Amino acid sequence: MLTGSCLCGAIAYEADAPLARIVHCHCQTCRKTHGSAFSSVTAVPREAFRWTRGHERLGAFESSPGKFRRFCTGCGSHLMAERVAQPVVLLRLGCLDTEVRDRPQVHIWRSEGASWYDPKVLGDELPRGLT
């Protein structure tokens, strides 16, 4: 069972499915949506996914024809994305509450990747106040 929630805790979900392939997407839309170098996602069967709390607080943005990104209207956390006609939904791993021990299997859309992203950099913790 996978569980997840938004930053403010108003919205939560469950997916009665194993964590499948982890994908890091570097497309410009994902980078802008998440304000980061890439978005980490996994696909789960639509019939295994359900909102358990706060679905009335969901907002949606159609980022490309037929693709909806669902987010909390209170805190802005992006929780999942879906193409309504497809049999899977994409969970945003940053909102998972379930511990993840698996490693990513693939990076996609690297051609649109952020020029400043360097996967070889292993950083120390930031000084206090910069997080």
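This report concerns the structure included in the present document. Computed from a predicted model, the values in this text were never measured in an experiment.

With that out of the way, let us pick up the pairing of strand S9 (residues 88-92). With 5 bridges connecting them, strand S4 (residues 39-45) and S9 associate as antiparallel partners. Among the inter-strand pairings, Val 44 is bridged to a residue of S9, identified as Val 89. In the sheet, strand S8 (residues 78-83) pairs with S9 via 3 bridges, with the strands oriented antiparallel. If you follow Glu 82 over to S9, its bridge partner there is Val 89.

Here 6 bridges tie strand S6 (residues 58-64) to strand S7 (residues 67-72), and the two strands are oriented antiparallel to one another. Each residue of the ladder has a partner; that of Leu 58, found in S7, is Cys 72.

A few words on the layout of surface pockets. Rolled over the atoms, a probe with the dimensions of a water molecule shows which regions are left empty. Taken as a whole, the largest pocket spans an internal volume of roughly 300 Å³. Around the largest pocket, the lining comprises 19 residues; the ones closest to its centre are Cys 25, Cys 30, Lys 67, Leu 90 and Ile 108. Those elements that place two or more of their residues in the lining of the largest pocket are strand S3 (23-25), helix H1 (28-34), S4, S6, S7 and S9. Partitioning the lining of the largest pocket into residue classes produces 10 nonpolar, 4 polar and 5 charged.

Glancing now at the nonpolar core. Grouped together as the largest cluster of nonpolar side chains are 20 residues, with contacts concentrated most on Leu 2, Val 44, Phe 49, Leu 91 and Leu 96. Going through the elements one at a time, strand S2 (12-15), S8 and S9 are the ones with two or more residues in this core. Not counting residues up to four positions away in its chain, the partners in contact with Phe 49 are Tyr 13, Glu 14, Ala 15, Val 44, Met 80, Val 89 and Leu 91.

What follows concerns the side chain of Lys 67. By the secondary structure assignment, Lys 67 is in strand S7. The buried category is assigned to Lys 67, whose relative accessible area is 14%. Beyond its immediate sequence surroundings of up to four residues, Lys 67 is in contact with Phe 61, Glu 62, Ala 81, Glu 82, Arg 83 and Leu 90.

All told, the structure shown has 0 disulfides when counted by the stated rule. Cysteine Cys 8 shares no disulfide, and the gap to the nearest cysteine sulfur, in Cys 6, comes to 3.7 Å. Residue classification places Cys 8 among the partly exposed positions, given a relative accessible area of 45%. Cys 75 provides the cysteine sulfur closest to Cys 72, a residue in no disulfide bond, and the two sulfurs are 3.8 Å apart. Judged by relative accessible area, which is 1%, Cys 72 ranks as buried.

What follows concerns the packing of aromatic side chains. Each aromatic ring pair is described using two quantities: the centre-to-centre distance and the angle formed by the ring planes. Going through the model one piece at a time under the given rule, you end up with 3 aromatic pairs. Consider the rings of Tyr 13 and Phe 49, whose centres lie 5.3 Å apart with planes at 40 degrees: the pair is tilted. Here Tyr 13, found in strand S2, pairs with Phe 49, found in strand S5 (residues 49-53); they are 36 residues apart in sequence, far enough to count as distant. Phe 49 carries the same exposure label as Tyr 13, and that label is buried. With a centroid separation of 6.1 Å and an interplanar angle of 90 degrees, the aromatic rings of Tyr 13 and Trp 51 are classed as edge-to-face. Taken together, the residues span a long stretch of sequence, with Tyr 13 in strand S2 and Trp 51 in strand S5 at a distance of 38 residues. Taken together, the ring pairs connect Tyr 13, Phe 49 and Trp 51 into an aromatic cluster.

Scoring rules and cut-offs
Residues numbered from 1 in each chain as written. Predicted model: local features only at pLDDT ≥ 70, side-chain atom pairs only at ≥ 80, totals over all residues. Heavy atoms only, no water. Pairing = 2+ DSSP bridges. Helix = DSSP H or I, 4+ residues; strand = E, 2+ residues; numbered from the N terminus. 1 Å grid on protein atoms, 1.4 Å probe; cavity = no way out; pocket = protein on both sides within 12 Å on 5 of 7 lines; lining within 4 Å. Points joined across faces, edges and corners; volume = space filled by probe spheres on them. Nonpolar A, V, L, I, M, F, W, Y, C, P; charged D, E, K, R; others polar. Core = buried A, V, L, I, M, F, W, Y, C linked by side-chain atoms within 4.5 Å. Buried < 20%, exposed > 50% of the residue type's maximum accessible area, 1.4 Å probe, protein only. Contact = heavy atoms within 4.5 Å. Disulfide = S-S within 2.5 Å. Phe/Tyr/Trp six-rings, centres within 6.5 Å; stacked < 30°, edge-to-face > 60°.

Everything listed here is a matter of coordinates, which is why it stays silent on function.
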